[in-house]
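# Survey of secondary and tertiary structure
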Amino acid sequence: MDSEAHNPMRDFLREHNIHEVECVIADMTGIARGKILPKDLFLTGEHMRLPKSVLLNTVHGEQPNNTPYVGSTDPDMICVPDPATIRVVPWATERVALVIHDCTNFDGSPVDLAPRSVLRQVLARYAERGWTPVVAPEMEFYLVARTTNPHEPLSPPTGRSGFTEQGRQSYSIDAVNDFDPFFLELSAFCKQHELGVETLIHEAGAGQMEINFTHGDALELADRVFLFKRAVRETALRHGIFATFMAKPMETEPGSAMHVHQSIVDADGRNIFSNDDGSESALFRHFIGGLERYVPPATLLFAPHVNSYRRLSRFQSAPMNVHWGYDNRTCGIRIPNSGPASRRVENRVPGVDVNPYLAMAATLACGFLGMVEGLEPPAPTPESAEHIHGDLPRNLEDAILQLRGCPALAEMLGPLFVQAFCEVKELEFATFSRVISSWEREHLMLLV
């Protein structure tokens, strides 16, 4: 960046007296990677470089054979700051800013493996038709007691009262207030970090909370979710507890989801899910049809870890189907009660352990395919759908096979990305499969 030219990031750094800049990207897992640069070095215009292969890290820090995806020489990529994402890091002891970067090749083209590039590619398909997605995620997470032993089960933390939650406290105000110091600081951090958090509730599980975001642009919301996870974990550490975004952190408690509300507006800002007379449009039905058809093969993006499938089980407040219904929380696809201008579709399949860029890209890709293919959904489900299961993959290995076998999703998300993502997940599954669990030792060691 030209050191003499007017630049909004330069102005921001000067206005907030920033000393260092966190330059970050999200890898396929959603982990923040990057470098911390002194302000003056950031302003020289020499963009950050990282190996392309950093995008292929598994959650345990390994990589599959990356030669087919990045080449045999492990080359760099250029990370270009997005000025719209600059914000203050509120918990830093020094004056630190953060900027999310886009990953590009040296010729300026996007790196196909980068999750932010994948979402941008899907949004470009919408833009070609004059459509703009509007999304609003709901994020559940658990507060848990600190532990350094991964072999011990997690447990709820102790609140101000000195007690831990012993039962489920859905929508309890007092249960939330028991962690007032944590939430007051989190609220302040979210405001300073410009995350647009709207509401806070206590969810069903012991120590389980839910945060809703204001609706908006899909890329912006994915950025905010990416940053929010980090803000929650940092705040929890400052209060002597942990926060976890595992999909199913405790055996006897419900899992945690990231439900995504979606609508589409045209160039005039009108909701294309509604006709002029307020009735449901054909595109609304086709969007639902696309979710029903393509969410099962896209499940790997919505349930990306071995633990994710522990959440997707019967009678655990999580869907095992892609049926749809009006205000029906037992369906994977729910249509909330709303007026014509705010008519929307809620995808209830994603767990909170997703990479937000990839989950947003996948759900919007499914709906887009339904609209362009004219897919008609079956009749809505008026009764409980908890007894309906089998629509979704039952484990990570099954999900990998289904995504590999769906050329329509590969075309939307990028064939190279889909192939690489499946390889990353295959390596994670192979590593997990080598682990001998305590259940096996308890029930098999002396009995078989």
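Per an unreviewed UniProt entry, the chain goes by Glutamine synthetase family protein and derives from Massilia pinisoli. Comment text from UniProt for the chain, heading Sequence similarities (unreviewed entry), reads "Belongs to the glutamine synthetase family."

## Examining helix 1 (residues 8-15)
Every buried residue of helix 1 is listed here: Met 9, Arg 10, Phe 12 and Leu 13. Projected onto a plane normal to the axis of helix 1, the buried residues spread over an arc of 160° and lie on a single side. Across helix 1 from its buried face, at more than 90 degrees, point the exposed residues Pro 8, Arg 14 and Glu 15. The inward-facing, buried residues of helix 1 abut strand 1 (20-26), helix 2 (39-42), strand 4 (76-81), strand 5 (87-88) and strand 6 (96-104). Taking the backbone nitrogen of Met 9 as reference, a side-chain oxygen 2.8 Å away marks Asn 7 as the first, capping residue of helix 1. Within two residues after helix 1, Asn 17 carries a phi angle of roughly 50°, on the positive side.

## Comments concerning a nonpolar patch on the surface
Together, Trp 439, Leu 444, Met 445, Leu 446, Leu 447 and Val 448 make up an exposed nonpolar region whose accessible area comes to about 760 Å². Relative to the elements of secondary structure, Val 448 occurs in the segment after helix 14 (438-444).

## Considerations on the pairing of strand 7 (residues 132-145)
With respect to burial, strand 7 is a largely interior element, 12 of its 14 residues being buried. Alignment of strand 7 against strand 12 (residues 258-265), held across eight bridges, turns out to be antiparallel. Directly across from Met 139, in strand 12, lies its bridge partner Met 258. The pairing of strand 7 with strand 10 (residues 216-217) spans two bridges and is classified as antiparallel. Along strand 10, the bridge assignment pairs Val 134 with Asp 217. Pairing of strand 7 with strand 9 (residues 208-213), which is carried by five bridges, proceeds in the antiparallel orientation. Note that in strand 9 the partner of Tyr 142 across the bridge is Gln 208. Direction of pairing for strand 7 relative to strand 11 (residues 241-244): antiparallel, over a ladder of four bridges. Paired with Ala 145 across the strands is Ile 241, a residue of strand 11.

The rules behind these values
Residues numbered from 1 in each chain as written. Predicted model: local features only at pLDDT ≥ 70, side-chain atom pairs only at ≥ 80, totals over all residues. Heavy atoms only, no water. UniProt positions renumbered as here; feature names shortened; annotations may be inferred. Buried < 20%, exposed > 50% of the residue type's maximum accessible area, 1.4 Å probe, protein only. Helix = DSSP H or I, 4+ residues; strand = E, 2+ residues; numbered from the N terminus. Arc of directions from axis to C-beta. Contact = heavy atoms within 4.5 Å. Polar contact = N/O pair within 3.5 Å; in protein donor to acceptor, adjacent residues only side chain to side chain. Patch = residues over 30% accessible without salt bridge, like charges linked within 9 Å, V, L, I, M, F, W, Y side chains within 5 Å. Areas by Shrake-Rupley, 256 points an atom, 1.4 Å probe, with all protein chains shown as cover. Salt bridge = Lys/Arg side-chain N within 4 Å of Asp/Glu carboxyl O. Pairing = 2+ DSSP bridges.

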